[in-house]
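The lines below spell out each chain.
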Amino acid sequence: SNMNAIRFTARNAQNLVQKTSRRNMGGSAAPQEYTGVDAVVRKVFPEDYQLAAAILVGYGALIGVGKASMGGGKEEAPVAAAATPATSGDAIPSVESPEFETFIESEANLMKWVESVSK
């Protein structure tokens, strides 16, 4: 009795596997006819996975070119800031200004700043 139940279950499982393996999920559809730009693209990339890969490569190239062109502009800003002339004469730059660091490199300028703070 138990053996018959096992055989019956095994047969049902085999039938289920055979039925599911016969389903091709739309694989038997007729080939699609492409026109216009689609026809040109499909001559080069006939399979869907090829077209998807080409699209991803295209996006990657666009992102790479965008990053390369944007990166150059960011590097130019510090060079322009370093080219600003240092303060001249008796003027003492603000402590927050970028010129202050170059101003106090000289011992004479450092002493001027110390005297101005102690007043």
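Residues numbered from 1 in each chain as written. Predicted model: local features only at pLDDT ≥ 70, side-chain atom pairs only at ≥ 80, totals over all residues. Heavy atoms only, no water.

K.L.:
Account for the overall build of the protein chain, with residues named and values stated.
P.N.:
Of regular secondary structure, the protein chain possesses 5 helices and 0 strands. In sequence order, the secondary structure elements of the protein chain are arranged as α-α-α-α-α. Out of the 119 residues belonging to the protein chain, those deemed buried represent 6%. (Helix = DSSP H or I, 4+ residues; strand = E, 2+ residues; numbered from the N terminus. Buried < 20%, exposed > 50% of the residue type's maximum accessible area, 1.4 Å probe, protein only.)

K.L.:
So what about a nonpolar patch on the surface? Which residues, and what values?
P.N.:
A cluster of nonpolar residues, Ile 55, Leu 56, Tyr 59, Leu 62 and Ile 63, forms a patch on the protein surface that exposes about 570 Å² of accessible area. Along the polypeptide, Ile 63 turns up in helix 3 (residues 48-82). The exposure class of Ile 63 is exposed, given its relative accessible area of 51%. (Patch = residues over 30% accessible without salt bridge, like charges linked within 9 Å, V, L, I, M, F, W, Y side chains within 5 Å. Areas by Shrake-Rupley, 256 points an atom, 1.4 Å probe, with all protein chains shown as cover. Salt bridge = Lys/Arg side-chain N within 4 Å of Asp/Glu carboxyl O.)

K.L.:
So what's going on with the confidence of the model for the protein chain? Residues and values would help.
P.N.:
Interpretation of this model should avoid reading the predicted coordinates in detail wherever pLDDT is low. For the protein chain, per-residue confidence averages 76 on the pLDDT scale, and 61% of positions sit at 70 or higher. At the level of individual helices and strands, the protein chain shows its lowest average pLDDT in helix 1 (residues 2-22), which scores 64, and its highest in helix 2 (residues 37-44), which scores 92. (pLDDT = per-residue confidence, 0-100.)

K.L.:
Would you mind going over the environment of Ser 118 in detail, with residue names and values included?
P.N.:
Within the fold, Ser 118 resides in helix 5 (residues 107-118). At 3.0 Å, the side chain of Ser 118 forms a polar contact with the backbone oxygen of Glu 115. (Polar contact = N/O pair within 3.5 Å; in protein donor to acceptor, adjacent residues only side chain to side chain.)

K.L.:
How would you summarise the packing of aromatic side chains if you had to cite specific residues and measurements?
P.N.:
Taken as a whole, this structure holds 1 aromatic pair when the rule is applied. Geometrically, the ring pair formed by Phe 100 and Trp 113 is edge-to-face, given 5.5 Å between the ring centres and 70° between the ring planes. Taken together, the residues span a long stretch of sequence, with Phe 100 in helix 4 (residues 99-103) and Trp 113 in helix 5 at a distance of 13 residues. (Phe/Tyr/Trp six-rings, centres within 6.5 Å; stacked < 30°, edge-to-face > 60°.)

K.L.:
Give a description of the pattern of salt bridges that names residues and reports values.
P.N.:
This model, assessed by the stated rule, comprises 1 salt bridge. In this structure, Arg 42 and Asp 48 form a salt bridge, with 2.9 Å as the shortest nitrogen-oxygen distance. Looking at Arg 42, the relative accessible area reads 16%, which means it is buried. When its relative accessible area of 53% is taken as the criterion, Asp 48 is described as exposed.

K.L.:
If you had to explain the side chain of Arg 42 to someone new, which residues and values would you point to?
P.N.:
With respect to the helices and strands, the residue Arg 42 is situated in helix 2. With residues near it in sequence (within four places) discarded, Arg 42 still touches Tyr 34, Glu 47, Asp 48 and Leu 51. (Contact = heavy atoms within 4.5 Å.)

K.L.:
Before we move on, could you go through the environment of Phe 103 and cite the residues and values that matter?
P.N.:
Along the chain, Phe 103 falls in helix 4. Under the relative-accessibility criterion, Phe 103 is labelled buried at 6%.

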